[in-house]
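Coordinates in review
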Amino acid sequence: MGRFSLKGLTLFLLIALLVWSSTFEVCNARRGKHWRQSRGITSASLSKKKGKTHGGSHHQGISGGGRGSKPTKSPPPAPKPGKGYKGPKEPTPVPPPGKGFSGSHGAVFDVLHFGAKGDGKTDDTKAFQAAWAAACKVEASTMVVPAKLVFLVGPISFSGPYCESNIIFQLEGTIIAPTSSDAWGSGLLQWLEFTKLRGITIKGGGIIDGQGSVWWQDSPFDDSTDSEARLIVPITDEPPTTVNPRIPINSTLGRKMPSIKPTALRFYGSYNVTVTGITIQNSPQCHLKFDNCIGVQVYNMTTNSPGDSLNTDGIHLQNSKDVLIHSTNLACGDDCVSIQTGCSNVYIHNVNCGPGHGISIGGLGRDNTKACVSNITVRDIMMHNTMTGVRIKTWQGGSGSVQGVLFSNIQVSEVQLPIVIDQFYCDKSTCKNQTSAVSLSGITYERIRGTYTVKPVHLACSDSLPCIDVTLTAIQLKPIQERYHLYDPFCWQTFGELSTPTVPPIGCLQIGKPSSNRIQSDGDTC
């Protein structure tokens, strides 16, 4: 009986030992599974960092301890694998030239891999088209224009609507426009165009150079001039001299350039558009235009053209909503920012403007059209050596309305006409008098300060539809006698209030509302 008990006890201990050993191995196996997954996650994270490089020729590698190395701390537990989890992906191999480099944030398409030369002489338009065609197919892809190279690119459209979303155009080099008339045919409205895209970003430290001097070195006879120029009268009474009058614009090949001048960079029908970091210079006409866009951000960028380059707006907005422009330097030959019909919810702040024609709403209502602009804020602006400061300009005969406009904290230095409303705008020698007009209401000017060289305030509103609810607060403008006649503030059919005393006194503003204000018709409402 004792012998049976001893055998049974021995057998029981042996079974218990086997069970304990099996449990220990299972635990070790589970611990090893976690360790391998942690290494995979670390590799993926490092691969993401590598994937941010612009070029497609950089190798992705796995960084970490060598084989058999022991970590000082236990790695964090891996996330619980979901259904169908297959473990971390292997690093994507570097592709041959002409293919996209697939990083963890989307593929990268370098224009050099598609045949671009970047020597400033070879036409790289087809290479840019091919790179875009590839990038267009991949969500969150990046098309790279590398630094230290100059790319000659003709008129081109980077278009949707079948492109994937959130594409980045990484501009580090320089893109130049052709100066041969052959490249432009009978004339085009834009040079570089992005159309019908969702989430398009242009960023980088590169340059877009329109080489506009061949277009505006001698203006054609029918070029429009700014209406406010007639208010600026030189003291000398001598007509301004014109260099080489009536000489047509010639290209580098000696042929006349088309009369239609292209905008350098245009966005049309796109959502969530961002432009940052780049410089646009010497555009034949507008530097940067947004037409029918929703959700626009422009910041930390520069436009740069001479002050006498005709019609070279810095940023032109039309039929666009929810626009934010800030921390930007704008130098050009026309409006630093031009806000046209169909714009609402526009916020502009911390912008340096000059040379140029200031920040303008309009001209609106040309050729008896209806114009609607609302909810515009322009604040914290520096303007130096501009023709106008903050301005609203409309044509006679138009309809619609401008309402809810705030110009605040504008610092002007040697600006000819700091505050302007002109409802008799005309960029031709003569314009027909008409009774209908775009209605203006709810316009506020506050903390407009600095120096002027011609006239501090010019408020010329429609006879049939006066401006109402115009508010002036903390206006302090002092004259600087330069080479122009100085004038006192001028108001016509302008009603509102002076919230504080102004310098100089603006006694011409009529307090309150007009007694015979015409009731708006259906054509006036927006």
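The protein is annotated in an unreviewed UniProt entry as Polygalacturonase At1g48100 from Nelumbo nucifera.

With that out of the way, let us pick up the pattern of salt bridges. One side chain can pair with another of opposite charge once the charged atoms of both are near each other. Counted according to the given criterion, the structure contains nine salt bridges. The partner of Asp-469 in a salt bridge is Lys-513, with the nearest N and O atoms 2.8 Å apart. Of this pair, Asp-469 sits in strand β29 (residues 467-473) while Lys-513 sits in the segment after β33 (510-511), and the two are 44 residues apart along the sequence. Judged by its relative accessible area of 35%, Asp-469 is partly exposed. Via salt bridges that share partners, Glu-228, Asp-335, Arg-391 and Lys-393 belong to a single interconnected network.

The next thing to look at is the packing of aromatic side chains. Tallied over the full model, the rule gives twelve aromatic pairs. Ring geometry for Trp-132 versus Phe-158: centroids 5.4 Å apart, planes at 70°, classification edge-to-face. Of this pair, Trp-132 sits in helix α2 (residues 125-135) while Phe-158 sits in strand β6 (residues 156-159), placing them 26 residues apart in sequence. Here Trp-132 falls in the buried class, since its relative accessible area comes to 6%. Note on Phe-158: relative accessible area 2%, which makes it buried. When the ring of Phe-267 is compared with that of Phe-290, the centres are 5.3 Å apart and the planes differ by 10°; the resulting orientation is stacked. In this pair, Phe-267 is assigned in strand β12 (residues 263-268) and Phe-290 in strand β15 (residues 288-291), connecting sequence segments 23 residues apart. Accessibility classification places Phe-267 together with Phe-290 in one group, the buried group.

The subject of this paragraph is the confidence of the model for the protein. Mean pLDDT over the protein works out to 82, with 74% of the residues at or above the 70 mark. Here residues 240-249 is a poorly scored stretch, pLDDT under 50, and it has 14 contacts once near neighbours within four places are set aside; other chains count.

As for its placement among the helices and strands, His-316 is situated in strand β18 (residues 315-318). Judged by its relative accessible area of 9%, His-316 falls in the buried class. The spatial distance from the C-alpha of His-316 to the C-alpha of Cys-336 is 8.4 Å, given a sequence separation of 20 residues. Ignoring anything within four residues of it in the chain, the contact list for His-316 reads Cys-286, Leu-288, Lys-289, Phe-290, Ser-338 and Gln-340.

Moving on, we get to the pairing of β6. On a regular strand, one side chain projects to one face of the sheet and the next to the other, so that they alternate. Because side chains alternate across β6, one face comprises the buried residues Ile-156 and Phe-158, and the other comprises Ser-157 and Ser-159, none of which is buried. Across four bridges, β6 lies against strand β9 (residues 190-195) in parallel orientation. Its bridge partner lying in β9, Ser-157 is registered against Glu-193.

Spatial ordering of the open sheet is given by β6-β9-β12-β15-β18-β20-β22-β24-β26-β28-β31, a layout of eleven strands whose pairing is parallel. Both edges of this open sheet fall to β6 and β31 (490-492), since each of them pairs with a single strand only. Direction aside, the axes of adjacent strands within the sheet are offset by 15° on average.

Once that is clear, we can look at unusual backbone geometry. Across the junction of Gly-362 and Gly-363, the peptide omega takes the value 10°, indicating a cis bond. Topologically, Gly-363 is positioned in strand β22 (residues 359-364). With omega at -5°, the peptide bond leading from Val-503 into Pro-504 counts as cis. The phi dihedral of Asp-469 is positive, around 55°, even though this residue is not glycine.

This brings us to the side chain of His-458. Mapped onto the elements, His-458 comes out in strand β28 (residues 457-460). His-458 gets classed as buried once you look at its relative accessible area, which sits at 7%. Among the polar contacts made by the side chain of His-458, one reaches the side chain of Lys-455 at a distance of 3.1 Å. When near neighbours in sequence (up to four residues on either side) are disregarded, His-458 contacts Leu-231, Ile-419, Val-420, Ile-421 and Phe-490.

Here we come to the pairing of strand β23 (residues 370-384). Across nine bridges, strand β21 (residues 343-353) lies against β23 in parallel orientation. Opposite His-349, over in β23, you have Arg-379 as the bridge partner. Sheet analysis places β23 next to strand β25 (residues 399-415), joined by 13 bridges and oriented parallel. Following the sheet pairing, Ile-381 is matched in β25 by Ile-410.

In protein structure, a disulfide is the covalent linkage between the sulfur atoms of two cysteines. In the structure shown here, the tally under the stated rule is six disulfides. Covalent S-S linkage joins Cys-372 and Cys-526, the inter-sulfur distance amounting to 2.0 Å. Between Cys-372 and Cys-526, the disulfide has an S-S torsion of -85° and is therefore left-handed. Here Cys-372 is found in strand β23, whereas its partner Cys-526 is found in the segment after β33, with 154 residues between them in sequence. The partner cysteine of Cys-461 in its disulfide is Cys-467, sulfur to sulfur 2.0 Å. Here the S-S torsion is close to -105°, and the disulfide linking Cys-461 with Cys-467 is therefore left-handed. Judged on exposure class, the residue Cys-461 and its partner Cys-467 are both buried.

Attention now goes to the nonpolar core. Grouped together as the largest cluster of nonpolar side chains are 99 residues, with contacts concentrated most on Phe-128, Phe-267, Phe-290 and Tyr-445. Two domains each donate at least three residues to this core, and these are domain 1 (103-214 + 259-334) and domain 2 (350-516). When near neighbours in sequence (up to four residues on either side) are disregarded, Phe-290 contacts Phe-267, Val-273, Val-275, Val-296, Val-298, Ile-315, His-316, Leu-317, Gln-318 and Ser-320. In terms of nonpolar packing, the next biggest core, distinct from the first, is built from seven residues, Leu-231, Ile-232, Met-387 and Val-420 among them.

Rules used throughout
- Residues numbered from 1 in each chain as written.
- Predicted model: local features only at pLDDT ≥ 70, side-chain atom pairs only at ≥ 80, totals over all residues.
- Heavy atoms only, no water.
- Salt bridge = Lys/Arg side-chain N within 4 Å of Asp/Glu carboxyl O.
- Helix = DSSP H or I, 4+ residues; strand = E, 2+ residues; numbered from the N terminus.
- Buried < 20%, exposed > 50% of the residue type's maximum accessible area, 1.4 Å probe, protein only.
- Phe/Tyr/Trp six-rings, centres within 6.5 Å; stacked < 30°, edge-to-face > 60°.
- pLDDT = per-residue confidence, 0-100.
- Contact = heavy atoms within 4.5 Å.
- Pairing = 2+ DSSP bridges.
- Axes fitted to C-alpha atoms, helices over the stretch in contact; angles between N-to-C directions.
- Polar contact = N/O pair within 3.5 Å; in protein donor to acceptor, adjacent residues only side chain to side chain.
- Disulfide = S-S within 2.5 Å.
- Core = buried A, V, L, I, M, F, W, Y, C linked by side-chain atoms within 4.5 Å.
- Domains from an automatic or database assignment.

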